[in-house]
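Observations on the three-dimensional arrangement
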Amino acid sequence: MKNGTVQHGTLISLVDAKIIRRSKSNLVDQQSADIDKNEPSGSAEDQVNISIRSLPADSPTNQLEFFPFIAPLAAKAGVAGTVSGSTKLSGNFKKLIGVSKLKLENVTILGSKVPAVVGSLVIDGSKMEIMADQGGNALKGRLNFDFLEKGIPYSWFLATKNFDLRPFLPKVFSSDPRNFAYVTATWSLKGLFQDWWKSTGSLDIKNFESKIHTKKEYSKPPFEIKSRDLVQVKMRPDGWQTVDGKSLTLESIHGALQLGLQNSKPPEQLGISINGKLSLEILRTIIPKIEVATGQVQFNGGLFGPAQDPKINLSFSDTKISAETASTWQPVSIGTAEFRPPIKDMKIEATLTSDEIQISSLKGNKGTGKISAEGVISLNRSNGKLTDLAINLDEASFLYPFPIVKNFDSILDGNLRITGSKFPLLAGGQIIVKRARSNREIDIRNAIVESLRSSSLGSSGPESLDPSINFDINILANDSISFNSRTAQAVLSSDLKLAGTEISPEITGVVELKKGKFLYKRDFVIQRGLVNFDDPVKPDPSLDISAQSEVSGYKVNITISGKASEPIVDFSIDPPTRPDGSPITKLEIIQLLNRGSLPEQSLAVALSNVGEGDNGESTAATEALNLLAGQVEDTVQRVFDLSGQNIIRQVYIDTYVSDEKPIARFNLPLSLTDDLDLILKVDQSTVQITSELALHDSISLLGGVESNSEKKNGTANRQGGPADTGVDVKFKFAFP
């Protein structure tokens, strides 16, 4: 057999081999032979002709993994692709000569697709020359080596023209097709493969430019990075240095970065210096939550240590004002929407290494106060290095949803410490609320509960993330929390414990309403107010709040109990009876709050009779009707308030009993003059107008008109006119 098919994985080739063997007597013995491991290797005088042609594979999988020597290098570099081509070799076993033409397609580098690479391989015994061309001369290269010579001598030349670096950059950059990074350079090198670091050559970087889009919106402009001037790196056995000590300078509107070589003697010492300035304005582009970012930071340091394991060391600090920079200098300020106001006039001294961030000093103004921090933040979980960061608050201002003080202007003192060698870290310490005030319309219960349901302290967090912080923080306030609005005023104290994690926080402790009042038809003075966070898992505290208002000689009490999610509101009155001894119902208490006086006729007997025989269902219906009416009343009153008129006064809804049924009645007071008031009362069957006209300081004329659209027996009037209309006129005398 002289030909056959060879398959290794998905790499399939058609092989045609022919050997002409010469005998020792110089007689020619021509025969075909298979290339098989059982065949003799032949003598140096044998003539060999080999032809190899690839065949289409069944599936376009990564074929580079089936090539010896190349496979581990490609896997380490993250390179994959399919191979096609042909090879023709001739000569003898001592020296084969030929050419191989190859094409690498479906190429991916670190998961990113790149154009196909076309190449050729010239074989001359042990000497080989590889040439490659990619994407319209974007990359051209040549590599020569002799694998039988000692040390494998080689030489290469590589030239790029606007070569796209996206596949070699992080996914966050390469995944956006609008981003690009192009480099134009040449690289020549020669030496021994077995001692590559001692090679001699030069790297000439002619141009680098990049555009980076950091927001999804196409209307947001990208920021550009460009190189300045040509930089040439000379590579010698005694070290790598740039010509004339020049650095590679990369510039953008946000600052400049300089990369140089400093005592670089690879592989023992990879000395790459890094220094420059960066405007913090870039943070607003990169991080959506950043609301304020001004000023510049300067940094210097570099990448040092052995090439196999280099270490980064960069020192950061705020830029100092000088005579040259006075016209453009801005103080460093950073702020987010969640942590208003921003931290201004920051002073920073910090160092970034491969394992940690060392904060020597960080100070800034937070509103009327200050905030500072110092310590170490570990960046390497595996080496057991300890994070130990101390944060100090000195009358620092916050507009942040801490428990209880959501939407408040807060002045906080405190000492916090974050420690740990692995996640979750422990955040412990104490926060003291020195002052927290609000003039906004606020609901007492919502101010307490909704702050715990917010995204920052809510019980639901990102399901896919593990917690990174364990809390152990005390939150204290001594009569220092206050709010003052049109409907409520109060002073609060708190003694709370924040535990759990940032994903599932746990709140325990007590908030006490020391004094205050709120408006519910009348001013109610808070007598007692306790909010007890007795369930550490669910932010649903128990309420114990009581308030009192005096109306026409009666003391009306409101008590709020139960859980904040389902509060129980109850009314009571002192004394609980009228002068005639009849009990005052809750319905009459509401009427007292609405009108300032009790109804002329007690409804207690009628309501109790209605409740007999039906287990009080009608009484419950009356209370439910009143609650619904109260909601309507508040809405209508707001409409009249917004209208700007002053004729219609306080709108209210009361309830009365007719034919053993509770009836809701809409009351619309009209103030026509200083001496004349009208009240329009409307329900489902009756329209009534009552009026009071002051004739004298002690004499008033009372009048009323009532129209009933139903007959007394309850049958509707089919004539379309009123079934019953009456007029009532009375005089009222008031004697000193």
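Scoring rules and cut-offs
- Residues numbered from 1 in each chain as written.
- Predicted model: local features only at pLDDT ≥ 70, side-chain atom pairs only at ≥ 80, totals over all residues.
- Heavy atoms only, no water.
- Helix = DSSP H or I, 4+ residues; strand = E, 2+ residues; numbered from the N terminus.
- Buried < 20%, exposed > 50% of the residue type's maximum accessible area, 1.4 Å probe, protein only.
- Contact = heavy atoms within 4.5 Å.
- Areas by Shrake-Rupley, 256 points an atom, 1.4 Å probe, with all protein chains shown as cover.
- Patch = residues over 30% accessible without salt bridge, like charges linked within 9 Å, V, L, I, M, F, W, Y side chains within 5 Å.
- Salt bridge = Lys/Arg side-chain N within 4 Å of Asp/Glu carboxyl O.
- Core = buried A, V, L, I, M, F, W, Y, C linked by side-chain atoms within 4.5 Å.
- Pairing = 2+ DSSP bridges.
- Phe/Tyr/Trp six-rings, centres within 6.5 Å; stacked < 30°, edge-to-face > 60°.
- Lys NZ or Arg CZ within 6 Å of the ring centre and 35° of its normal.
- pLDDT = per-residue confidence, 0-100.
- Polar contact = N/O pair within 3.5 Å; in protein donor to acceptor, adjacent residues only side chain to side chain.

A separate point is the overall build of the protein chain. Broken down by element type, the protein chain carries seven helices and 42 strands. Looking at the 736 residues of the protein chain, the share that counts as buried comes to 37%. For the protein chain, the share of sequence-separated contacts (at least 6 apart) that also reach a separation of at least 24 residues comes to 45%. Counting every atom, the protein chain has about 42,300 Å² of accessible surface; 55% of that belongs to carbon and sulfur.

Among the 10 residues of helix H5 (residues 586–595), eight are classified as buried, and the element is accordingly described as predominantly covered. Taken as a whole, H5 has its buried residues at Leu587, Glu588, Ile589, Ile590, Gln591, Leu592, Leu593 and Asn594. A positive phi of about 85° marks Gly596, the residue just after H5.

This part covers a nonpolar patch on the surface. On the surface, Val99, Val122 and Met131 cluster together into a nonpolar patch covering about 200 Å² of accessible area. As for its placement among the helices and strands, Val122 is situated in strand S8 (residues 117–124).

Next up on the list: the nonpolar core. Buried together is how nonpolar side chains tend to be arranged in soluble globular proteins. Core analysis: the biggest nonpolar cluster contains 59 residues, and Ile418, Val433, Leu492, Phe524, Val556, Ile573 and Leu592 have the highest contact counts within it. Looking at this core element by element, the count peaks at seven residues for strand S30 (residues 469–484). Counting residues in hydrophobic clusters, the runner-up holds 15 residues, among them Ile205, Phe223, Leu250 and Ile282.

As a further point, take the pairing of strand S21 (residues 296–304). As judged from the eight bridges shared by strand S19 (residues 272–279) and S21, these two strands associate in the antiparallel manner. The partner of Gly276 across the bridge, within S21, is Phe299. In this sheet, strand S22 (residues 311–318) lies alongside S21 in antiparallel orientation, the contact comprising eight bridges. Bridge pairing in S22 places Val297 opposite Asp318. Linkage of S21 to S22, two consecutive antiparallel strands, is achieved through a turn of six residues, within which Gly305 is found at a positive phi near 105°.

This paragraph deals with unusual backbone geometry. Most peptide bonds take the trans configuration, and most residues that are not glycine carry a negative phi. Note the cis peptide between Pro266 and Pro267, where omega equals 5°. Looking at the secondary structure, you find Pro267 in the loop between strand S18 (255–261) and S19. Of note, the bond from Phe423 into Pro424 is cis; its omega dihedral lies within 30 degrees of zero at 0°. Within the secondary structure, Pro424 is located in the loop between strand S28 (409–420) and strand S29 (425–438). The backbone phi angle of Asn162 is positive, close to 50°, even though this residue is not glycine. With respect to the element layout, Asn162 can be found in strand S11 (residues 153–164).

Bringing the pairing of strand S35 (residues 554–563) into the picture now. Strand direction decides the pairing type here: strand S34 (residues 542–551) and S35, joined by 10 bridges, are antiparallel. Across the sheet, residue Gln548 finds its bridge partner in S35, namely Asn557. Joining the antiparallel neighbours S34 and S35 is a turn of two residues, in which Ser552 adopts a positive phi near 50°. Here S35 pairs with strand S36 (residues 566–574) via nine bridges, running antiparallel. Bridge assignment links Lys555 to a residue of S36, and that residue is Asp574.

On to the pattern of salt bridges. Inspection of the entire model under this criterion finds 18 salt bridges. Its salt-bridge partner being Arg417, residue Asp388 comes within 2.9 Å of it at the nearest N-O pair. Here Arg417 lies in strand S28 and Asp388 lies in strand S27 (residues 387–398), a separation of 29 residues in the sequence. By relative accessible area, Asp388 is classed as partly exposed at 25%. On the basis of relative accessibility, which here comes to 45%, the residue Arg417 falls in the partly exposed class. Via salt bridges that share partners, Asp318, Lys320 and Glu349 belong to a single interconnected network.

Below, the discussion takes up the environment of Pro331. With respect to the secondary-structure elements, Pro331 resides in the loop between S22 and strand S23 (332–336). When its relative accessible area of 27% is taken as the criterion, Pro331 is described as partly exposed. Remark: the alpha-carbon pair of Pro331 and Gly295, spanning 36 residues in sequence, is separated by 5.0 Å. Those residues in contact with Pro331 that lie beyond four places of it in its chain are Thr294, Gly295 and Asp345.

Turning our eyes to something else, we now look at the side chain of Ser202. Tracing the backbone shows Ser202 in strand S13 (residues 200–212). Beyond its immediate chain neighbours, meaning those up to four positions away, Ser202 contacts Thr186, Trp187, Ser188, Gln232, Val233 and Lys234.

To continue, consider the packing of aromatic side chains. This model, assessed by the stated rule, comprises 10 aromatic pairs. Note on Phe145 and Phe193: the rings are 6.2 Å apart at their centroids and 70° apart in plane angle, and the pair reads as edge-to-face. With a gap of 48 residues between them, Phe145 in strand S10 (residues 139–146) and Phe193 in the loop between strand S12 (180–192) and S13 connect regions that are remote in the sequence. Look at Phe193 and you get partly exposed, because its relative accessible area is 32%. In textbook terms, an aromatic cluster arises when at least three aromatic residues are bridged by ring pairs, as seen for Phe145, Tyr154, Trp156, Trp187, Phe193, Trp196, Trp197 and Trp240. Sitting over the ring of Phe398, Lys366 keeps its end group 4.1 Å from the ring centre.

With that out of the way, let us pick up the confidence of the model for the protein chain. Note that predicted coordinates carrying low pLDDT should not be read in detail. Confidence along the protein chain averages 76 in pLDDT terms, with 68% of residues attaining 70 or more. Confidence drops under a pLDDT of 50 for residues 24–42, and excluding neighbours within four residues, the segment shows 23 contacts in the predicted structure. A low-confidence stretch, residues 402–406 (pLDDT under 50), is modelled with 27 contacts involving residues beyond four sequence positions or located in other chains.

This brings us to the environment of Ser247. By the secondary structure assignment, Ser247 is in the loop between strand S16 (239–242) and strand S17 (248–252). In sequence terms Ser247 and Leu257 are 10 residues apart; their C-alpha atoms lie 9.5 Å from each other. Among all residues touching Ser247, those that are not within four sequence positions of it are Val231, Gln258, Leu259 and Gly260.

Relative to the helices and strands, Lys434 is located in strand S29. When residues no more than four places from it in sequence are discounted, the contact partners of Lys434 are Glu395, Ile411, Asp413 and Ser480. Among the polar contacts made by the side chain of Lys434, one reaches the side chain of Glu395 at a distance of 2.9 Å.

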